[in-house]
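Next come the chains, spelled out residue by residue.
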Amino acid sequence: MPLYKNVLEPSGRMGQIWTLATIYDSAVIEYGSMGHMLYAQKWMSQTGLIKFGELISTHLSEKDIALGITRRLEECVEEVVKLGRAKAIFLIPSSVPEMIGTDLESIGEELSATYPGLPIISFKAGNFKASREQGMEEAYEKLVRYLSEKDDEGIDTLKKDFFNVFGISCDWSRFQADTAEICRMMRNGFNMEPAAILGSSCSMDQISQMTKAKITLVIRKEGLKAAKLLYKQNGIPYLYLAPYGFDGTLQWIKELETLLGKNAEQSFLIKEQEEAAHAKHICQLYTRLHKERANIWIRGEDELAKGISTFATDEIGFTFAEGGIHMSDGVELRDNPGAFSIEIRRSILSQSINPYELPFMGFRGALNLCGLWHQYITDREFQ
């Protein structure tokens, strides 16, 4: 089949852009051809984010490639500094500089010396050999390594405790809604507020305050290396667990209680569990009554797919099989539709304009999923 009929897997470069571009007062500069960043700009504009960082490409000429000239990159950084909008500059490579052996890390060090006080960080996993996961992992790790401050100024830790979130990313459909649900549960359950949320909308000031957090919530494995580094440097514990489903979210809260050394607010938990019990009972009832229809198929091996799959099969009673509810990205759902399709990952077909959609994580995410699944089963019942 011709290449244009297939959708390529995102490379390390896209994983880095998805992570770095969500820092809205930063500039991501790619040393590469112009078209690459135009695609990234379009992707970010369709995520539903109101603000994200500047995405810039230096462009390359034949002479630059043949002679290894990097002046365009240096001039680009100079222009960004003059504008004064970016509080950090991230340098990422593209395929051509990688092939000709451009030492982007050394260039970044020289530029850092030229502009002291302005973080200029270079990245390696921007080539086609690196996967999106490797790109995201490097981005998280370097943000912690180079941007976490160790002073006690900024956040007033006497009034409230704070938490970090690593791993929420715009390649998952409801990433903003999931972020909001995590913050809601932390606020109502533990009276805690977010410090740094890496992978969703975030500022440089928030990132610099990540060392004030009492805990780091790791949602996907790409943020685990960064959380371990933060623990090693600052003693901040981390929890690597994605809260999917009712039982999964309760387990997440119990783990937090252990790590934080305090119990969650009981009135909050009681209310959430009362709402959950009703929705869970109704959904379980229909999957038992209509076993022949209660099939669900979810593509993927990441925390998103595993979390929703476990919730659907272990808690609600679905059978994992094709033909019923299909949950994947838009391209896969187009090519392999089920009787009922739910987009859980973003694709080139996605265009989000509402940052306040219902989540998939947490208590309200579980309620939302139950509602969608119940809609499918009851619609089938009356056909």
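Keep in mind it's a predicted model, so treat the numbers as computed, not measured. (Residues numbered from 1 in each chain as written. Predicted model: local features only at pLDDT ≥ 70, side-chain atom pairs only at ≥ 80, totals over all residues. Heavy atoms only, no water.)

### A look at the overall build of the chain
- Across its full length, the chain holds 15 helices and twelve strands.
- Within the chain, buried positions represent 56% of all 383 residues.
- Taken as a whole, the chain presents about 17,600 Å² of accessible surface, with 51% of it coming from carbon and sulfur. (Helix = DSSP H or I, 4+ residues; strand = E, 2+ residues; numbered from the N terminus. Buried < 20%, exposed > 50% of the residue type's maximum accessible area, 1.4 Å probe, protein only. Areas by Shrake-Rupley, 256 points an atom, 1.4 Å probe, with all protein chains shown as cover.)

### With respect to the packing of helix 8 (residues 175-190) against helix 11 (residues 246-260)
- Following both chains from N to C, one finds helix 8 and helix 11 inclined at 55 degrees, their axes separated by 12 Å at the closest point. By the criterion of interaxial angle, the relationship of helix 8 to helix 11 is oblique. Considering how the two elements wind past one another, helix 8 and helix 11 form a crossing that is right-handed. Between helix 8, through Ile182, Met185, Met186 and Phe190, and helix 11, the contact on the second element is made entirely by Thr249, Trp252, Ile253, Leu256, Glu257 and Leu260. (Axes fitted to C-alpha atoms, helices over the stretch in contact; angles between N-to-C directions. Parallel < 35°, antiparallel > 145°, perpendicular 65-115°, else oblique. Left-handed = near helix turned anticlockwise from the far one by under 90°. Contact = heavy atoms within 4.5 Å.)

### As for the nonpolar core
- If you look at the biggest cluster of nonpolar residues, it comprises 95 residues, and the most contacted ones within it are Phe90, Ile182, Ile308, Met327 and Trp373.
- For this core, the element with the highest residue contribution is helix 15 (residues 362-381), accounting for eight residues.
- Setting aside anything within four residues of it in sequence, one finds tryptophan 373 in contact with Cys283, Ile296, Ile308, Phe311, Ala312, Ile316, Phe318, Ile325, Met327 and Ile342.
- Formed by 18 residues, the second largest nonpolar core is a distinct cluster that contains Val80, Ile107, Leu111 and Tyr115. (Core = buried A, V, L, I, M, F, W, Y, C linked by side-chain atoms within 4.5 Å.)

### Here we look at the pairing of strand 6 (residues 192-198)
- Across the seven residues of strand 6, six count as buried, placing the element largely inside the fold.
- Handedness of the crossover joining strand 5 (residues 161-166) and strand 6 through helix 8: right-handed. (Right-handed = clockwise from strand over helix to strand, strands pointing away.)

### Comments concerning the sheet that holds strand 7 (residues 215-218)
- On the basis of which strands lie adjacent, the open sheet formed by four strands has the order 6-5-7-8 and parallel pairing. Strand pairing shows two members of the sheet lacking a second neighbour, strand 6 and strand 8 (238-240), which therefore form its edges. Sheet twist, expressed as the mean angle between neighbouring strand axes with direction ignored, is 25 degrees.
- Alignment of strand 5 against strand 7, held across four bridges, turns out to be parallel. Its bridge partner lying in strand 7, phenylalanine 163 is registered against isoleucine 215.
- Helix 10 (residues 224-234) contacts strand 5, strand 7 and strand 8 of the sheet and is inclined by roughly 160 degrees relative to strand 8. (Pairing = 2+ DSSP bridges.)

### Focus on the packing of aromatic side chains
- Scanning the model with the defined rule gives eight aromatic pairs in all.
- Their ring planes at 70 degrees and their centres at 6.0 Å tell us that phenylalanine 90 and phenylalanine 123 sit as a pair that is edge-to-face. In this pair, phenylalanine 90 sits in strand 3 (residues 89-93) while phenylalanine 123 sits in the loop between strand 4 (120-122) and helix 7 (132-147), placing the two residues 33 residues apart along the sequence.
- An angle of 75 degrees between the planes, with centres 6.3 Å apart, marks the rings of phenylalanine 268 and phenylalanine 363 as edge-to-face. Here the residue phenylalanine 268 occupies a position in helix 12 (residues 266-289), and phenylalanine 363 occupies one in helix 15, the gap between them amounting to 95 residues. (Phe/Tyr/Trp six-rings, centres within 6.5 Å; stacked < 30°, edge-to-face > 60°.)

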